[in-house]
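Read off the chains here:
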Amino acid sequence: MKRRKSLLVAAVGTAVILLAPVAATAAPDSGKPSPGAPGIGDPYYPGYGNGGYDVANYDIHVKYEPTTKVLTGTTTIVATATQALSSFDLDFALKASKVTVNHQPAKTSVNGFELVVTPSRPLREGVPFVVTVDYSGVPSSINIPGFSSSPWVTTADGAVGLGEPENSAWWFPANDHPLDKAYYQVSITAPNGLSALSNGNLVSKRSAPGGETTWKWAELRPEATYLAFMAVGKYDVKSGVSKSGLPYTTAVAQGTDPELVAATKDIDRTPEIVDWLQQQWGRYPFRRAIGGVVPNGNIGYALEDQTRPVYDPGFWAGGKSNISVVVHENAHQWFGDSVSVHHWRDMWLNEGFASFSEWLWAETHGGDSAQKSFDALYASHPAADDWWKFIVAEPGPHHEFDSPVYDRGSLALQAFRNKVGDAMFHQVLRGWAVAHRYGNATIEDFVAYASRVSGQDLKNFFQVWLFTGARPAPTVANGFPANYPTTSKLAAQTKSALRK
Ligand SMILES: [Zn+2]
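Residues numbered from 1 in each chain as written. Predicted model: local features only at pLDDT ≥ 70, side-chain atom pairs only at ≥ 80, totals over all residues.

Draft legend 1. Representation of unusual backbone geometry. The amide bond that connects glutamate 164 to the next residue, proline 165, takes the cis arrangement and shows omega of 5°. Secondary-structure assignment places proline 165 in the loop between strand E12 (158–161) and strand E13 (182–191). Positioned with a positive phi, lysine 69 is a non-glycine residue whose angle comes to about 65°. As for its position among the elements, lysine 69 is in the loop between strand E3 (53–65) and strand E4 (70–81). (Helix = DSSP H or I, 4+ residues; strand = E, 2+ residues; numbered from the N terminus.)

Quick look at the structure:
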């Protein structure tokens, strides 16, 4: 995710079972059936996600009517019980009209934004089950306390559903936490003349009598809930194939605003950018689908939705080019989407890496070197600056998108690059992307991995950069170039860079 600068201050069917990304191991029932936990165990957000089951597949069918803003849907979830379950929760905020478990009616109750489902008979540990939820409501009318912005944004001619760290409750019932990745099929029905977009590949597009068209999308690589999105509206949709052979679908809202015109030019470079990212970080992690979506609405940020990031048009304010946000969101496909956080505290693994990729793009495309960007940023924050008090590896709830996670995150990676050399740096990051592909990882996992691959004990190094609330001293041990100039000298040298 990348917030718009203006908001920085305010920031606050059964066959499917065979596709299960996490193989169900047939385990004997252990103990009496009990309710699944209402949260997955994330220390920052105890209510996010749920316990007691693991989702393999979401088959989402929604219909959106822009004039009434009503969303109606049916979502079928295939999951495996990880304990004997008397009941379980789904994260959901719309009104469920009917819920079945294994095709039998289930009892439901609502507890805040948890839909509590009690099957007609308990679920056995290790055994797959199917949940179907019918629902309808007006997602734009839902406000969940503690959220600064809603994951549902109404546009002039449609809507977009997207959000981080939470997303699903506004448009599909889910186990909404990155620890439970799954496959997705998203079918969206909208009035003819509008486009309907989501992740992955377009499977079919069918028009029915009554003036409606259904677009079916499928993402058949494991995907975290916050990376699923849907968009309905008037878009200019383009598709083709990148030089390296990756099919793309881009969609920019129709209109003549300078923002949309500038966005179109930059989004058109997505294939080139993803090909460059493959040279840096290794093979593109997902199935053959890339792209980008720019809705005509005030989202406030850009989000790395899997295979197809979504961007606020405000990133192109004044009709100015903004390639770096496109680089950032696509770098997340490796760092964030394929290798995902274990808990939300691990956000440096997403934002530090995506932000550093922006520096590297500049360095290789006629802009400042990453070291020059490092120098300017380091010099612009005196040691007494509160900015250094923040613990990057432990940002705290609702602070995982604060600027030090991104910017001190980038500093740490450039320092790491200096310390081990560019070739080893790339080897570590590429290897990391493979070692944890489609999985979850912690910052501690990265420190251990980088130490192992580089043959250096990097615990103290990363302790200084990520786990300490103070400015790292400009020493070679901390990854600074030898004879690093004093801060005042550095500030004078980088003054021009700071004026930008
Ligand atoms: Zn980001």
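Draft legend 2. Summary view of the sheet that holds E12. Pairing is antiparallel across the open sheet formed by 4 strands, whose spatial order is E11-E12-E17-E14. At either margin of the open sheet sits one strand with a lone partner, and together these are strand E11 (152–155) and strand E14 (195–197). Each adjacent strand pair in this sheet contributes to an overall mean axis angle of 15°, direction not counted. Sheet topology places E11 next to E12; 4 bridges connect them, and they run antiparallel. Looking across to E12, one finds that valine 153 is bridged to valine 160. (Pairing = 2+ DSSP bridges. Axes fitted to C-alpha atoms, helices over the stretch in contact; angles between N-to-C directions.)

Draft legend 3. Main features of the packing of helix H6 (residues 403–420) against helix H7 (residues 422–435). Contact geometry for H6 and H7: axes closest at 6 Å, N-to-C directions at 125°. In terms of orientation, H6 and H7 fall into the oblique class. Judged by the twist between their axes, the crossing of H6 over H7 is right-handed. Mapping the contact onto sequence places Phe416, Arg417 and Val420 in H6 and Asp422, Met424 and Phe425 in H7. Along the lines of polarity and charge, the residues of the contact of H6 with H7 split into 4 nonpolar, no polar and 2 charged. (Parallel < 35°, antiparallel > 145°, perpendicular 65-115°, else oblique. Left-handed = near helix turned anticlockwise from the far one by under 90°. Contact = placed C-beta atoms within 7 Å. Nonpolar A, V, L, I, M, F, W, Y, C, P; charged D, E, K, R; others polar.)

Draft legend 4. View of the nonpolar core. Of all hydrophobic cores here, the largest spans 133 residues; its most connected members are Ile188, Val310 and Leu349. When sequence neighbours within four positions are dropped, the list of residues in contact with leucine 349 reads Phe335, Val339, Val341, Ala441, Ile443 and Phe446. (Core = buried A, V, L, I, M, F, W, Y, C linked by C-beta atoms within 7 Å. Buried ≥ 20, exposed ≤ 12 C-beta atoms within 10 Å, placed from the backbone.)

Everything listed here is a matter of coordinates, which is why it stays silent on function.
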